[in-house]
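Residues per chain are reported as follows:
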Amino acid sequence: MDFFIQALFVGIIKGATYIIIALSMVIIYKSSNVFNFAVGEFCTMGAIMFYVASLTHLPLPVVFILFLLLCIVSSGFIEKIVIEPLMGRDPLSITLVTIGLSTFLVGLFQMTLGSHPVPIDIQLPSLMFEIGDLFFTSEQIWSAIFATTAIVLLLLFYQFTRWGIVMRATAEGQVKAMAFGVNTRFVLTLTWVIAAIVAALAGLVVAWGGSLTYNMGIIGLVAIPVVLVGGLESITGCIIGGMLIGIVESLTSFYLESAIGLEGFRAVTPYLFLLIVLMIRPTGLFGQVHIERV
Amino acid sequence: MLKIENLTVVYLGVISVLHGVSLSAPEQSITALLGGNGSGKTTLMRAISGILDIYEGDIQKGEIELNKVKLNGLKAVDITRKMNLTYMMEGRPIFEYLTIKENLKAAASCRWDSNVSRDMEGMLAYFPPLVKRLQSKAGYLSGGEQQMLCMSMALMTNPKFILMDEPSLGLSPIMVKEIFEVIGRINSEKKIGILLSEQNAMVALKVSSHGFVMDNGRVVMDDSAKALLSNADIQEAYLGSADQDGKDYKEAKRYKRRKRWLG
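Summarised in this report is the structure supplied together with it.

Cut-offs and rules
One numbering rule holds for all chains: residues counted from 1, following each sequence as written. Chains and ligands are labelled by the order in which they are written, letters from A for the one and numbers from 1 for the other. Selection of residues for local features in this predicted model requires a pLDDT of at least 70, selection of side-chain atom pairs for listing and counting requires 80 or more, and totals for whole chains, interfaces and linings are taken over all residues. To get the side-chain values, take all heavy atoms of the structure and skip hydrogens and water. Here a strand is any run of E in DSSP of at least two residues, a helix any run of H or I of at least four, and the numbering for each starts at the N terminus. Using C-alpha atoms as the atom set, the radius of gyration is obtained and then compared with a globule rule of 2.2 Å times the number of residues to the power 0.38. Type-normalised accessible area, obtained with a 1.4 Å probe on protein chains alone, sets the label of each residue: buried when under 20%, exposed when over 50%, and partly exposed for intermediate values. Only heavy atoms enter the contact rule, under which two residues are in contact if any of them lie within 4.5 Å. Residue-level accessible areas treat just the shown protein chains as cover; the underlying method is Shrake-Rupley with a 1.4 Å probe. Any two of the Phe, Tyr and Trp rings considered here, Trp counted by its six-membered ring, make a pair once their centres fall within 6.5 Å; the pair's planes then place it as stacked at under 30 degrees, edge-to-face at over 60, or tilted in between. By convention, the term buried area covers the 1.4 Å-probe accessible surface removed from two parts as they join, with the contributions of both added. We define a salt bridge as a contact between a side-chain nitrogen of Lys or Arg and a carboxyl oxygen of Asp or Glu at a distance within 4 Å. Asp, Glu, Lys and Arg are counted as charged, while Ala, Val, Leu, Ile, Met, Phe, Trp, Tyr, Cys and Pro are counted as nonpolar; the rest, among them Gly, fall into the polar class. Strands were regarded as paired on the criterion that DSSP finds at least two bridges between them. Only the contacting stretch of a helix is used when fitting its axis, a line to C-alpha atoms as for every element, and angles between N-to-C directions run 0 to 180 degrees. By definition, the arc is the one covered by directions from the helix axis to the C-beta atoms.

So, about the overall build of chain A. Helices and strands together make up the secondary structure of chain A, namely eleven helices and two strands. Secondary structure elements of chain A occur, N-terminal to C-terminal, as α-α-α-α-β-β-α-α-α-α-α-α-α. The C-alpha radius of gyration of chain A comes to 19 Å, within 12% of the 19 Å expected for a compact globule of 294 residues. Oriented by its inertia axes, the alpha-carbon framework of chain A measures out at about 60 × 50 × 35 Å. Classification of the 294 residues of chain A by burial places 50% in the buried group. Taking the intrachain contacts of chain A between residues at least 6 apart in sequence as the baseline, contacts between residues at least 24 apart amount to 73%. Accessible area for chain A stands at about 14,000 Å²; split by element, carbon and sulfur atoms hold 71% of it.

On to the packing of aromatic side chains, then. Residue and element names in this part refer to chain A. A complete count under the given rule lists seven aromatic pairs over all chains for this structure. Arranged with centres 5.5 Å apart and planes meeting at 75°, the rings of Phe50 and Phe67 form a pair that is edge-to-face. Highlighted residues: Phe50 in helix α2 (residues 39–54) and Phe67 in helix α3 (residues 60–83), separated in sequence by 17 residues. Each member of the pair, Phe50 as well as Phe67, carries the same accessibility label: buried. Through a chain of ring-to-ring contacts, three or more aromatic side chains come together here, namely Phe50, Phe64 and Phe67.

A few words now on the interface of chain B and chain A. A common measure of how large an interface is: the accessible area buried when the components associate. On the side of chain A, 19 residues touch chain B, which itself brings 28 residues to the contact. Of the roughly 2,200 Å² buried between chain B and chain A on both sides combined, carbon and sulfur atoms contribute 67%. Linking chain B with chain A are one salt bridge, by the criterion used here. Of the charged contacts, one joins Glu102 of chain B and Arg168 of chain A as a salt bridge, the two residues approaching to 3.0 Å between their closest N and O atoms. Elements with a contribution of two residues or more to the side of chain B that touches chain A: α2 (76–81), β6 (85–88), α3 (100–107) and α6 (143–156) of chain B. Along the lines of polarity and charge, the residues of the side of chain B that touches chain A split into 20 nonpolar, four polar and four charged.

Moving on: the sheet that holds strand β2 (residues 15–25) of chain B. Backbone hydrogen bonds hold the strands of a sheet together, and the pairing may be parallel or antiparallel. Residue and element names in this part refer to chain B. With antiparallel pairing, the four strands of this open sheet are ordered in space as β2-β1-β4-β5. With one partner strand each, in any of the chains shown, β2 and β5 (69–70) form the two edges of the open sheet. Strand direction decides the pairing type here: strand β1 (residues 2–11) and β2, joined by eight bridges, are antiparallel. Residue pairing across strands places Thr8 opposite His19, the latter belonging to β2. On top of the sheet, helix α1 (residues 41–49) reaches β1, β2 and β4 (57–66); it is set at about 110° to β1, its chief contact.

Attention now moves to helix α4 (residues 116–126) of chain B. Listing the buried residues of α4 of chain B in full gives Val116, Asp119, Met120, Met123, Leu124 and Tyr126 of chain B. Angularly, the buried residues of α4 of chain B cover 145° about the axis, an arc narrow enough to put them on a single face. In this structure, α4 of chain B carries Arg118, Glu121 and Ala125 of chain B as exposed residues pointing more than 90 degrees from its buried face. Looking at the buried side of α4 of chain B, the elements it contacts are α6 (162–172) of chain A together with α3, α5 (128–131), α6 and α7 (173–190) of chain B.

Residues and elements named next belong to chain B. Inspection of the secondary structure assignment puts Leu85 in strand β6. Taking relative accessible area as the criterion, Leu85 reaches 1% and is therefore assigned buried. Sequence separation between Leu85 and Leu66 is 19 residues, and the spatial gap between their C-alpha atoms is 8.8 Å. Look past the residues within four positions of Leu85 in its chain and what remains in contact with it is Leu2, Ile48, Ser49, Leu66, Leu71, Ile79, Thr80, Phe161 and Leu163.

Below, the discussion takes up the pattern of salt bridges. Within this structure, the stated rule accounts for seven salt bridges over all chains. Its salt-bridge partner being Lys80 of chain A, residue Glu84 of chain A comes within 3.0 Å of it at the nearest N-O pair. With its nearest N and O atoms 3.2 Å apart, the salt bridge here joins Glu189 of chain B to Arg185 of chain B. Of the two residues, Glu189 of chain B and Arg185 of chain B are both situated in helix α7; the distance of four residues between them amounts to about one turn of the helix. Using a relative accessible area of 35% as the deciding quantity, one classes Arg185 of chain B as partly exposed.

Here it is, written out as structure tokens:
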């Protein structure tokens, strides 16, 4: 039984990281109907920015603020150069551009980082957790805390602040928002920057647990089943989908892999799970069913 | 004074929609813009408010001026924020998944000053039915309430001039009367100029001081509202003909009617 609970909790904690990455994709999809394939590279970029900030050897809070500033600058730069010229065009074009952007960024990271993993060390108090036979590393607990804080802050931002309301309104109808004087260009830039920061946080957590490599962006691929299971436009779906996928993956790695002798099968189970869910609910568990009059 | 001179608008480079439209709407009064479907009223309003390029439209010739300031090349955001001209689109443009209060906040985002909450109270004084449903999602409101919400959102942007596109669309006659009463009050109490594009000619002309009639992308009649109400052609085209006996079908042919516009 303890084994099962350990598997469950590891799954939930891993799920927290998946939720953040999926949130990044959902934020962008809700506002511009673009499926951001470069989300993994935004994660890597975040980890790199943190590494660069930590080279200054300043105290941790300062490094964190520096990290946020670097993320804002770099993602704003990418958005202005790559996304904004395509504003108003078919979202599919912008989606294709994100695929190219992802490849370009991987190459860029390899050129700057080299092919060897770079360790990232964050001096945080140890929160190692032991209850009976259950054991959680400090990194796992901290990543769960980061993820939960990020999710809560994001939800509060969207529900209660003025800019959050404006962003939700623009997501519903860009032209309507423009007619009422909303600066939609700025709102779109803001959306991408927030999504990039959210992804950067996830990248930080992943790199801290493992290490920073140039192709760490593969983690972004796991966000795809999470987003599709939860429904592309739903933040609730993100959270529930992330939990489910995390638990499914963890249970597979704890139980199924040894049972059927297929090591690494847990990389496949999220997609199998996605297949089953889509067969029952094609738009995801919480997705909006679009009724189109033909 | 909102002045439009010789405006030519083309969609997708090939579909010519407005052919040399000229009209003027003084500030602080209500001007009616009448015309059947497809006469170019919405296109004209899109051109004035600067969102024409989203619909792949292009102003090829002509000038749009508000108080001697050219509106042609300005971005839509600047037109609403700096020139204080708001376009209330047709079809009740509200944000359905936001609550009424959030809708008003979103509309007020172009002016982050401290008067926003006070203005919100003022807005709700014009539209008492909205007060009861402040926290419900806007998508659940009835048609009339949505139209009231639209209007209060337009008022929250602190306009000096509002372009209203078919506010009476799909509303019951009692609701139309209520809405137009409020339109009259907005104009007289807040001194906001209104360009009112309408299908319901009777109600529009009753509340306006001046009227333009458009047909096929051209202005075909331009007169005071009272004169238009008693004009025989307008009566025949929009208000139902006074002559109820079986009309000779030949007489009702459109090309013959068009000749009479010039008279």
